[in-house]
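Residues per chain, in single letters:
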Amino acid sequence: IAEKVSVENEIEYDYIIIDVPPSFNSIVRSALYCSDYYLVPCTADVFSSYCIGLIGETLPIFNEDWTQGVKRSRNLSNKLISSKGQPKFAGWIFNGFDKRKNPGQSQATEIAADAAHKDKIKASVEKHLIKKLKKSVTEYNAAPPFVSKEPVAKVEDLNVMAPDSILQAVPLKYLSKVPPTRGVLARGAWSAPQKALMNNMSAEHDKLADYIIKNLV
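The rules we used
Numbering of residues starts from 1 in every chain and runs along the sequence as written. The predicted nature of this model means local features are confined to residues of pLDDT at least 70 and side-chain atom pairs, given and counted, to a pLDDT of 80 or more, with totals for whole chains, interfaces and linings taken over all residues. Hydrogen atoms and water are omitted, and side-chain values are computed over all heavy atoms in the structure. Residues grouped as a nonpolar core are buried Ala, Val, Leu, Ile, Met, Phe, Trp, Tyr and Cys residues, joined through side-chain atoms within 4.5 Å. The classification of residues rests on relative accessible area computed with a 1.4 Å probe and restricted to protein chains. Under 20% of the type maximum is buried, over 50% is exposed, and intermediate values are partly exposed. Secondary structure follows DSSP: runs of H or I at least 4 residues long count as helices, runs of E at least 2 residues long count as strands, and numbering of each begins at the N terminus. In this analysis, two residues are considered to be in contact whenever any of their non-hydrogen atoms come within 4.5 Å of each other. Whether two strands pair depends on DSSP finding at least two bridges between them. For helices, the axis comes from a line fit to the C-alpha atoms of the stretch in contact; other axes are also lines fit to C-alpha atoms, and the angle between any two N-to-C directions lies between 0 and 180 degrees. Note on angle classes: values under 35 degrees are labelled roughly parallel, values over 145 roughly antiparallel, values of 65 to 115 roughly perpendicular, and the remainder oblique. By definition, a salt bridge exists where a carboxyl oxygen of Asp or Glu is found within 4 Å of a side-chain nitrogen of Lys or Arg. Of the grid points, spaced at 1 Å and generated over the protein atoms alone, those admitting a 1.4 Å probe that cannot get out make up cavities, while open sets with protein on both sides within 12 Å along at least five of seven lines make up pockets; any residue with an atom within 4 Å of a point is treated as lining. Grid points are joined across faces, edges and corners, and a volume is the space filled by probe spheres set on the points. Residues are grouped as follows: Ala, Val, Leu, Ile, Met, Phe, Trp, Tyr, Cys and Pro are nonpolar; Asp, Glu, Lys and Arg are charged; every other residue, Gly included, is polar.

A. View of the nonpolar core. Formed by 44 residues in total, the largest nonpolar core has its most connected members in Tyr-38, Val-40, Phe-89 and Leu-133. Listing elements by their share of this core, those giving two or more residues are helix 1 (26–34), strand 3 (37–43), helix 2 (46–72), strand 4 (88–97), helix 4 (112–136), strand 7 (153–156) and helix 6 (192–215). The contacts of Val-40, once residues within four sequence positions are left out, are Ile-52, Ile-55, Phe-89, Gly-91, Trp-92 and Ile-93.

B. Seen up close, unusual backbone geometry. A positive phi angle, close to 50°, is found at Asn-159, a residue other than glycine. Classification of Asn-159 by relative accessible area gives exposed; the value is 56%. Its identity as a non-glycine residue notwithstanding, Ala-169 has a phi of 55°, on the positive side. Its location among the elements puts Ala-169 in the loop between helix 5 (161–168) and helix 6. Relative accessible area serves as the criterion here: at 65%, Ala-169 is assigned to the exposed category.

C. A look at the sheet that holds strand 3. Spatially, the three strands line up as an open sheet ordered 3-4-7, and their pairing is parallel. Across the chains shown, the open sheet's two edge strands, defined by having one partner strand only, are strand 3 and strand 7. Put simply, the sheet's adjacent strands are angled 25° from each other on average, direction ignored. Bridge analysis of strand 3 against strand 4 gives six bridges, and the strand direction is parallel.

D. Representation of the packing of helix 2 against helix 4 within the structure. In contact at an axis separation of 8 Å, helix 2 and helix 4 are set at 5° when each is read in the N-to-C sense. Considering their axes alone, helix 2 and helix 4 lie roughly parallel with respect to each other. Every residue of helix 4 that contacts helix 2 at Val-46, Ser-48, Ser-49, Ile-52, Gly-53, Ile-55, Gly-56, Glu-57, Leu-59 and Pro-60 is listed here: His-117, Lys-120, Ile-121, Ser-124, Val-125, His-128, Leu-129, Lys-132, Leu-133 and Ser-136.

E. Representation of the pattern of salt bridges. Within the structure shown, the criterion is met by seven salt bridges. Ionic pairing is found between Lys-99 and Glu-156, a salt bridge with its closest N-O pair at 3.9 Å. Highlighted residues: Lys-99 in strand 5 (residues 99–100) and Glu-156 in strand 7, separated in sequence by 57 residues. Measuring nitrogen to oxygen at the nearest pair gives 3.2 Å for the salt bridge that ties Lys-118 to Glu-110. Like Glu-110, Lys-118 is buried. Among the ionic contacts, a cluster of salt bridges with common partners joins Glu-110, Lys-118 and Lys-154.

F. Highlighting the layout of surface pockets. Empty space within the largest pocket amounts to approximately 1400 Å³. Forming the walls of the largest pocket are 38 residues, and the residues nearest its centre are Asp-19, Val-20, Leu-39, Val-40 and Pro-41. Taken together, the elements giving at least two residues each to the lining of the largest pocket come down to helix 1, strand 3, helix 2, strand 4, strand 7 and helix 6. Residue composition of the lining of the largest pocket, by class: 29 nonpolar, six polar and three charged. A volume near 340 Å³ is recorded for the second largest pocket. Contributing to the lining of the second largest pocket are 18 residues, with Lys-99, Glu-156, Leu-197, Asn-200 and Met-201 lying nearest its centre. The set of elements that each furnish at least two residues to the lining of the second largest pocket consists of strand 6 (109–110), strand 7 and helix 6.

Below you can see the structure in the form of structure tokens.
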């Protein structure tokens, strides 16, 4: 996430969010080089906690490569170069999980398997990312004080709603106002539980936006 960016058309943006694939290819490295912060989306599976550890191992090497490159650069006085290459971990997002209201519960919670995966990711974030970055990266604060092992947002599995939102080019906040076009409900209407989930997840997106505005400055 890069902030306060002025582009060639002279329009100044408060934030620019870059969506990248889950790898360290040249596109991802370029995005990290020019970003101030990065958020890590994690799904409820065995790979997420493992990949969190890979980020903790790779970022210090990434920072060292950038530092060495800047030292070899002939543009040492360039303020843009000196201000980049220091991406900070801004937290992680738990998404694609399911919730269920069990007997005796007043509110639905993550199903047991998804809750177990969340706990593993939290442990990996704390041990293999936050602590690792604080110890290994000394040139800048790669894990700011506001981050913790807890997810900054939790987005449930939206099933047919997410692709329908993309297909119709209608934000999730307003999707309940238009009929669905996919799945068994095509040409029908959204159910009450689906509308409730849309509203809840829209509120979660707003919460994430508030978190970014408050902390990523």
